[in-house]
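Next come the chains, spelled out residue by residue.
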Protein chains: 2
Amino acid sequence: MRENDLLAWIAANAGRHPSVPLGIGDDMAVVNLHAAPGNDGVPALLKIDQALDQVHFDLRTHSPAAAGRKAVNRCLSDCAAMACSPAAILVSVALPRNADLKLAQELFIGCRDAAAVFDCPLVGGDTAVWDQRLVITVAAIGVASGRPILRNAAQPGDSVCVSGKLGGSIIGRHMNFIPRINMARQLASMVDLHAMMDLSDGLAMDLPRLLKASGCGAAINSETIPIHDDAETLSSRDGKPALWHALCDGEDYELLFTLSGPDAAQLGSLSLEAPISVIGTITKEPQLILQDAARAKNSWPKGGWEHGSMEVQGHE
Amino acid sequence: MRENDLLAWIAANAGRHPSVPLGIGDDMAVVNLHAAPGNDGVPALLKIDQALDQVHFDLRTHSPAAAGRKAVNRCLSDCAAMACSPAAILVSVALPRNADLKLAQELFIGCRDAAAVFDCPLVGGDTAVWDQRLVITVAAIGVASGRPILRNAAQPGDSVCVSGKLGGSIIGRHMNFIPRINMARQLASMVDLHAMMDLSDGLAMDLPRLLKASGCGAAINSETIPIHDDAETLSSRDGKPALWHALCDGEDYELLFTLSGPDAAQLGSLSLEAPISVIGTITKEPQLILQDAARAKNSWPKGGWEHGSMEVQGHE
């Protein structure tokens with residue numbers, strides 16, 4: 001079963017509802033909450049996300065607090081992707097039977113403190129005990145201070161940008177990242193963002209999702225992709241190009257966004273918490289091209305987190 | 001580790017936030033969502049709830065659709081407890097590695113259709129695959145058409161009421177119940193409900209929670225507790241009194257509420273989807289008394305879902 005196939009089937013079978021301007025398929029859903037009939041209502045942004053022991057973290061290595069922090073930050077990264085302020089989180093925890101009260105308390109503190117960084121209260125939860133591994137599921141509700149930034153609004157000619165540096169987060173960054181909520185809100189208030197999402201499954205898998213939602217393509221310059229030192233470290237260990245790691249490793253939790261060329265030119269003058277790289281241009285033709293300075297065209301690598309074992313094409 | 005101890009610790013350590021009139025401890029949390037600073041905002045009701053394979057359902061016996069339906073209905077029962085209309089649900093699913101696309105699709109349909117009964121759209125989700133059992137986590141967001149009905153407002157002299165009949169749901173009803181959303185909203189619009197919650201862990205465990213939140217006690221007449229035929233069936237199998245099953249079995253998903261005596265007297269004239277039983281009276285003294293027609297006082301049974309093995313006191 002491929003995750004993308006299931007997600008496409010679910011999106012096609014979720015149905016439509018007059019109170020849901022944005023359903024399944026973006027980083028968060030948007031639901032209009034009406035306190036009373038006829039009332040204008042408030043658009044609430046909603047997300048649920050799970051973190052599983054030995055999939056997203058490993059209790060044999062990571063503390064309960066670190067696991068809780070990551071579970072919350074994964075969910076809050078989707079708030080960043082919409083340029084949304086989280087208003088509250090809920091946390092559901094399935095505890096292994098041998099867990100003690102101390103583990104549960106440390107887990108809770110990790111969750112609570114990660115959200116508190118963004119003045120976001122933990123308002124509810126659910127606990128159960130079972131004879132399987134730890135599951136932490138986090139739901140976030142937020143409001144967009146302006147309009148939420150969706151995946152579907154990239155325009156031909158837009159510059160394609162990413163924050164920070166990519167690849168190799170498995171070395172440790174995947175447990176310690178700070179969701180780019182402040183940066184996303186700052187960007188949304190200062191430039192006209194067209195499309196945005198967060199990079200959770202790797203640029204190789206996530207950029208095609210943004211392009212598909214927007215109905216366009218992109219030409220990406222491989223030499224402008226910001227490669228993290230951790231990707232270089234992994235490359236020296238496994239012999240795969242560092243660029244491959246930057247494209248295909250998951251869990252960067254950086255922002256991927258598009259905006260007009262003139263707006264992109266202004267980015268350098270903003271004081272942001274991480275550098276922004278312009279890595280290419282949105283094209284009208286719905287194809288994705290990876291090119292280097294010699295204008296040699298390479299295939300876009302298939303892969304990212306979905307496959308477990310990932311293939312590279314055109315990167316030898 | 002006792003669930004109540006953990007919940008009490010979490011409630012004490014969750015902190016307060018100016019946008020959260022009601023945090024951890026009731027059936028749902030209330031968060032004020034402000035579209036813009038100074039805006040009055042809309043109070044959003046929030047809940048997260050999980051259903052675990054071989055804890056809350058059993059895939060060896062139950063279909064994926066039935067598991068999904070129960071997971072959603074458990075969460076929606078908390079909406080009923082607040083007399084709230086669900087506006088949207090989110091569903092997170094950790095699939096066992098051997099699950100196929102068909103299982104995932106049936107699960108989704110079960111979730112979607114359970115929510116659709118209440119015109120509630122499924123707007124988002126998360127899927128992952130792991131080598132452990134199925135986890136379904138559901139988050140619900142709702143709005144109260146009037147004020148939400150909390151646990152903390154029972155008044156001395158109130159009548160204590162339950163909907164439907166109690167006990168023995170494990171025989172099958174726990175998979176097939178319909179959350180009492182329509183009844184709760186009907187009651188809230190027609191009488192002045194003081195305190196309300198849903199019965200998920202059994203009257204023996206849930207009534208003390210309502211009393212503790214309200215700072216009062218109750219005198220319950222054992223002969224007025226509505227005993228389900230399923231409790232009689234279990235009683236004939238295990239020799240425990242049917243009343244014990246009605247008190248201590250979990251997963252009734254009925255409403256427990258209090259209101260003034262005069263309002264309680266009106267209940268008989270309402271056309272409701274299930275009968276209401278008046279089972280006792282709220283007292284000022286914070287003790288819980290179970291009495292029969294001879295006015296013999298019995299101890300309130302300890303137990304309910306928390307303990308696994310449950311004790312009876314005073315019911316021989």
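In this text, all values refer to a predicted model and were calculated from it rather than measured experimentally. (Residues numbered from 1 in each chain as written. Chains lettered and ligands numbered in written order. Predicted model: local features only at pLDDT ≥ 70, side-chain atom pairs only at ≥ 80, totals over all residues. Heavy atoms only, no water.)

A. Structural view of unusual backbone geometry. Of note, the phi angle at Gln54 of chain A is positive, near 70°, even though the residue is not glycine. Following the sequence through the fold, Gln54 of chain A ends up in the loop between β2 (42-52) and α2 (64-81). With phi around 60°, Ala83 of chain B is a residue other than glycine that occupies positive phi space. (Helix = DSSP H or I, 4+ residues; strand = E, 2+ residues; numbered from the N terminus.)

B. Structural context of the sheet that holds strand β3 (residues 84-96) of chain A. All names here are of chain A. Strand order in the open sheet made by the 5 strands is β1-β2-β5-β3-β4, with mixed pairing throughout. Two strands close off the open sheet at either side, each with one partner strand: β1 (29-33) and β4 (122-130). Ignoring which end each strand starts from, the neighbouring axes of this sheet average 20° apart. As paired strands, β3 and β4 are joined by 8 bridges and run parallel to one another. The partner of Val93 across the bridge, within β4, is Thr127. The sheet strands contacting helix α3 (residues 101-116) are β3, β4 and β5 (135-144), and the helix crosses β3 at an angle near 170°. (Pairing = 2+ DSSP bridges. Axes fitted to C-alpha atoms, helices over the stretch in contact; angles between N-to-C directions. Contact = heavy atoms within 4.5 Å.)

C. Structural context of the confidence of the model for chain A. Residue and element names in this part refer to chain A. Confidence in the prediction for chain A averages 91 pLDDT; 93% of positions are at 70 or higher. Within the model, the stretch residues 305-316 combines pLDDT values under 50 with 32 contacts to residues more than four positions away or in other chains. For this predicted complex, the interface score ipTM comes out at 0.92, while the overall pTM is 0.93. (pLDDT = per-residue confidence, 0-100.)

D. Fine view of the packing of helix α2 (residues 64-81) of chain B against helix α3 (residues 101-116) of chain B. All names here are of chain B. Interhelical geometry of α2 versus α3 gives an angle of 35° and a closest axis separation of 7 Å. Note that α2 runs across α3; the crossing there is right-handed. Here α2 contributes Pro64, Ala65, Ala67, Gly68, Arg69, Val72, Asn73 and Leu76 to the contact with α3, which in turn contributes Leu103, Glu106, Leu107, Gly110, Cys111, Ala114 and Ala115. In the contact of α2 with α3, the residues fall into 10 nonpolar, 3 polar and 2 charged. (Left-handed = near helix turned anticlockwise from the far one by under 90°. Nonpolar A, V, L, I, M, F, W, Y, C, P; charged D, E, K, R; others polar.)

E. Fine view of the relation of the copies chain A and chain B. The operation relating chain A to chain B is a screw motion whose rotation component is 180°, with 0.0 Å of axial translation and a residual RMSD of 0.0 Å. These values place the two chain copies in the arrangement generated by a two-fold rotation axis. Mapped onto chain B, 100% of the interface residues of chain A again fall at the interface, so both copies present the same surface. (Least-squares fit on C-alpha atoms with pLDDT ≥ 70 in both.)

F. Expanded view of the interface of chain A and chain B. Counting residues at the interface gives 66 residues for chain A, matched by 66 residues for chain B. Buried surface at the junction of chain A and chain B, both sides included, amounts to about 5500 Å², of which 70% is carbon and sulfur. Where chain A touches chain B, the interface holds 2 salt bridges. Arg133 of chain A serves as the salt-bridge partner of Asp131 of chain B, at 2.9 Å between the closest nitrogen and oxygen. (Buried area = accessible area lost by both parts, 1.4 Å probe. Salt bridge = Lys/Arg side-chain N within 4 Å of Asp/Glu carboxyl O.)

G. Just the pairing of strand β11 (residues 288-291) of chain A, in detail. Residue and element names in this part refer to chain A. Here β11 shows no split at all, with Leu288 and Leu290 on one side and Ile289 and Gln291 on the other all buried. In terms of strand pairing, strand β8 (residues 217-221) meets β11 through 4 bridges, oriented parallel. Note on β11: the bridge partner recorded for Ala219 is Ile289. Judged from the 2 bridges that link them, β11 and strand β12 (residues 297-298) form a sheet pairing that is antiparallel. Among the inter-strand pairings, Leu290 is bridged to a residue of β12, identified as Asn298. (Buried < 20%, exposed > 50% of the residue type's maximum accessible area, 1.4 Å probe, protein only.)

H. Representation of helix α7 (residues 229-238) of chain B within the structure. Residue and element names in this part refer to chain B. Listing the buried residues of α7 in full gives Asp230, Ala231, Leu234 and Ser235. Buried positions in α7, seen along its axis, are confined to an arc of 140° and lie on one side of it. Projecting away from the buried face of α7 at angles above 90 degrees are the exposed residues Asp229 and Ser236. Along its buried surface, α7 packs onto α4 (173-176) and α8 (242-248). (Arc of directions from axis to C-beta.)

I. Seen up close, the side chain of Arg74 of chain B. Residues and elements named next belong to chain B. Mapped onto the fold, Arg74 is located in helix α2. Within the structure, the side chain of Arg74 is placed 3.2 Å from the backbone oxygen of Gln50, a separation counted as a polar contact. In terms of polar contacts, Arg74 uses its side chain to reach the side chain of Tyr253, at 2.9 Å. Excluding residues that lie within four positions of it along the chain, Arg74 makes contacts with Asp49, Gln50, Ala51, His56, Phe177, Glu251 and Tyr253. (Polar contact = N/O pair within 3.5 Å; in protein donor to acceptor, adjacent residues only side chain to side chain.)

J. Quick peek at the environment of Ser269 of chain A. All names here are of chain A. Relative to the assigned elements, Ser269 resides in the loop between α9 (261-266) and β10 (276-283). Judged by its relative accessible area of 62%, Ser269 falls in the exposed class. Looking at Ser269, its side chain comes within polar contact range of the main-chain oxygen of Gln266, at 2.7 Å.

K. Here's a closer look at the sheet that holds strand β1 (residues 29-33) of chain B. Residue and element names in this part refer to chain B. The strand order β1-β2-β5-β3-β4 describes an open sheet built from 5 strands, whose pairing is mixed. At either end of the open sheet lies a strand with only one pairing partner, and these are β1 and β4 (122-130). On average, adjacent strands in this sheet sit at an angle of 20° to one another, irrespective of strand direction. With respect to the sheet, α3 is in contact with β3 (84-96), β4 and β5 (135-144), its orientation differing from that of β3 by roughly 170°.

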